[in-house]
Amino acid sequence: MTRLPKLAMMAIAMAAALGAHTQIQAQDKVLNLYSARHYQTDEAMYETFTKTTGIKINRVDADDAGIIARLRAEGAASPADVIMLVDAARLAVADTQGLFQPIKSAKLDAAIPANLRASATADGVTWTGFSTRARVIVYDPARVKAEDVATYEQLADPKLKGLVCTRSGSHPYNLSLFSTIVEHLGDQKGEAWLKGVVDNMARAPKGGDTDQIKGVASGECGVALTNTYYVARLIKSDKAEDKAVMSKVKVMFPNQATSGTHVNIAGAGVAKHAKNRDNAITFMEFLSSPYAQDYFANGNNEFPTVKGLKVDNPAIKAMGGDSFKAETVPLGVVAKNMTKVQQMLDRVGYK
């Protein structure tokens, strides 16, 4: 894998590479972006896009659920051109509700691996991932051996009875992971695995991912699931209490000897009723440029999706995630499992 060049050099290269979609009339140079991402580093990225293309970005910020609700309420009158969401499960919900339109882009096809996009149809692709995060295991080395948490499957092993903590099973972060595991194991074994995880819980699911990490550090839990960027935030923190938390836990990238660690995405698609479709495609292609990938990924301590690119992030390196084997199950396939997996969660009592 190659390192990203300096941002200034990437900006020049990106300006030359944006291509034919930037050749639009001045009166059309606007883009309405509905975004669930709220990071200061994204602001600089958007400013560069506007300076490079002349396309002004009008942004509506909300969480994923709020954006989807607003789009449904607006219907065909919606001004949205691009919809940006922060989880494959949420992208799948928006897609199922017909909020995206398929597009064809040779640049995106060449840059982004197929497993990090919606399943392609004859009409094109509805959504594309632009950054990834890994769903890892955090454990207390004083209570749990590394070899006992080397895979997701081991979370259901009776050895971990009374030690496992997670947030809600129905939260999109877990739902995406569980849907992938069911894809690997099959329905019967997948449901049995979920039941085993429930049987091993130290307490009922609650809180967010940071709470799970702190629960391990405090001794409430021995093992927990979290996204890598939550770990990275604690590593980067100057607070004594956060440093104390990280001194008591270790991070495992599961399934390195088998299927690879589960990855999820932040991604975007062109809105169903986009009035500025060409500008929307230009923006989507811009997000796959090395320049934008650095901002898009590093803004939340994530990883780029473009083939061969690697972000130089000290916090990611510190947790051992500089280079790991990631699973390759297409997220479009994973999305199709989610309704079935939610039913399994209900049956096994995974709240």
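Just so it is clear, the structure is predicted and the values come from calculations on it, not from any experiment. (Residues numbered from 1 in each chain as written. Predicted model: local features only at pLDDT ≥ 70, side-chain atom pairs only at ≥ 80, totals over all residues. Heavy atoms only, no water.)

### Section: the packing of aromatic side chains
Test applied: When two rings of Phe, Tyr or Trp (its six-membered ring) have centres within 6.5 Å they constitute a pair, described as stacked for plane angles under 30 degrees, edge-to-face for angles over 60, and tilted for the intermediate range. Labels follow the DSSP assignment, with helices taken as runs of H or I lasting at least four residues and strands as runs of E lasting at least two, numbered in each case from the N terminus. The buried label goes to any residue with under 20% of its type's maximum accessible area, the exposed label to any with over 50%, and the partly exposed label to all in between, with areas taken from a 1.4 Å probe on protein chains only. Look at NZ for Lys and CZ for Arg. If either is within 6 Å of the ring centre and within 35 degrees of the ring normal, a charge sits over the ring.
In the structure shown here, the tally under the stated rule is 13 aromatic pairs. A centroid spacing of 6.1 Å and a plane angle of 25° characterise the contact between phenylalanine 283 and phenylalanine 286, whose relative ring orientation is stacked. Of this pair, phenylalanine 283 and phenylalanine 286 both sit in helix 11 (residues 277-286), 3 residues apart, which is roughly one turn of the helix. A single burial state applies to phenylalanine 283 and to phenylalanine 286, both of which are buried. Ring-pair connections join several aromatic residues into one group, and the members of that group are Tyr46, Phe49, Phe283, Phe286, Tyr291 and Tyr295. When the ring centre of phenylalanine 296 is taken as origin, the NZ or CZ atom of arginine 37, which lies over that ring, is 3.9 Å away.

### A look at the packing of helix 2 (residues 40-53) against helix 12 (residues 290-298)
The criterion, for reference: Inter-axis angles, ranging from 0 to 180 degrees, are taken between N-to-C directions of lines fitted to C-alpha atoms, where helices are fitted over the stretch in contact. Orientation labels follow simple angle bins: below 35 degrees gives roughly parallel, above 145 gives roughly antiparallel, 65 to 115 gives roughly perpendicular, and whatever is left gives oblique. Crossings are sorted by hand: turned counterclockwise from the far helix by less than a right angle, the near helix makes the crossing left-handed, and turned clockwise it makes it right-handed. Contacts were defined at the residue level, with two residues in contact if any of their heavy atoms lie within 4.5 Å. Under the grouping applied here, Gly and all other residues not named as nonpolar or charged are polar, the nonpolar ones being Ala, Val, Leu, Ile, Met, Phe, Trp, Tyr, Cys and Pro and the charged ones Asp, Glu, Lys and Arg.
Between helix 2 and helix 12, the shortest axis-to-axis distance is 8 Å and the interhelical angle comes to 160°. Here helix 12 runs roughly antiparallel to helix 2, going by the angle between their axes. As for the relative orientation of helix 2 and helix 12, their crossing is left-handed in sense. Residues Thr41, Asp42, Ala44, Met45 and Thr48 of helix 2 form the contact with helix 12, whose participating residues are Tyr291, Ala292, Tyr295 and Phe296. Residues belonging to the contact of helix 2 with helix 12 are distributed by class as follows: 6 nonpolar, 2 polar and 1 charged.

### With respect to the packing of helix 2 against helix 11
With their axes 11 Å apart at the nearest point, helix 2 and helix 11 run at an angle of 125° to one another. What the angle tells us is that helix 2 and helix 11 run oblique. When you trace helix 2 past helix 11, the crossing you get is right-handed. The segment helix 2 lies against helix 11, with Met45, Tyr46, Phe49 and Thr53 engaging Thr282, Phe283 and Phe286. Taken together, the residues that form the contact of helix 2 with helix 11 break down as 5 nonpolar, 2 polar and no charged.

### Examining the environment of threonine 305
Assignment of secondary structure puts threonine 305 in the loop between strand 10 (303-304) and strand 11 (309-310). On the basis of relative accessible area, threonine 305 is assigned to the buried category, the value being 3%. Between the C-alpha atoms of threonine 305 and glycine 267, which are 38 residues apart in sequence, the distance is 9.9 Å. In this structure, threonine 305 is in contact with Ala111, Ile112, Pro113, Leu116, Gly129, Phe130, Ser131, Thr132 and Gln293, ignoring residues within four places of it in sequence.

### A look at helix 6 (residues 172-185)
Owing to its 3.6 residues per turn, the α-helix brings residues three or four apart onto one side. Defined as follows: Take the number of residues in a helix, subtract one, and multiply by 1.5 Å to get its expected span.
Between the first and last C-alpha of helix 6 there are 20 Å, a value that for 14 residues agrees with the 20 Å anticipated at 1.5 Å per step. Burial analysis of helix 6 places 11 of its 14 residues in the buried class, the great majority of the element. All buried positions along helix 6 are accounted for by Pro172, Tyr173, Asn174, Leu175, Ser176, Leu177, Phe178, Ser179, Thr180, Ile181 and Val182. Residue glycine 186 follows helix 6 closely and has a positive phi angle near 95°.

### With respect to the confidence of the model for the protein chain
We count it as follows: In predicted models, pLDDT denotes the confidence assigned by the predictor to each residue on a 0 to 100 scale.
Here the protein chain averages 91 in pLDDT, and 92% of its residues register 70 or above. When the criterion is pLDDT under 50, residues 1-17 qualifies, and its contacts beyond four places in sequence or with other chains add up to 32 contacts. Here residues 19-27 scores under 50 on pLDDT; set against residues more than four positions off or in separate chains, the count is 12 contacts.

### With respect to the state of the cysteines
Here is the idea: a disulfide is a covalent bond, and it sits between the sulfur atoms of two cysteines. Convention followed: Disulfide assignment relies on a single distance test, namely cysteine sulfur atoms paired within 2.5 Å.
With the rule as written, the count across this model stands at 1 disulfide. Between the sulfur atoms of cysteine 165 and its disulfide mate cysteine 221 the distance is 2.0 Å. Disulfide cysteine 165-cysteine 221: torsion about the S-S bond near -90°, hence left-handed. Of this pair, cysteine 165 sits in strand 6 (residues 164-165) while cysteine 221 sits in the loop between helix 8 (209-218) and strand 7 (223-227), and the two are 56 residues apart along the sequence.

### A look at the environment of asparagine 337
Put simply, the rule reads: Identification of polar contacts relies on pairs of N or O atoms within 3.5 Å, with a donor-acceptor requirement for protein atoms, meaning one able to donate a hydrogen and the other able to accept it, and with residues adjacent in sequence counted only if both atoms are side-chain atoms.
For asparagine 337, the location among the structural elements is in helix 14 (residues 331-348). In the structure, asparagine 337 is positioned 159 residues away from phenylalanine 178 in sequence and 9.0 Å away in space, judged by C-alpha atoms. With residues up to four places along the chain from it excluded, the contact list for asparagine 337 reads Ser179 and Glu183. At 3.2 Å, the side chain of asparagine 337 forms a polar contact with the backbone oxygen of serine 179.

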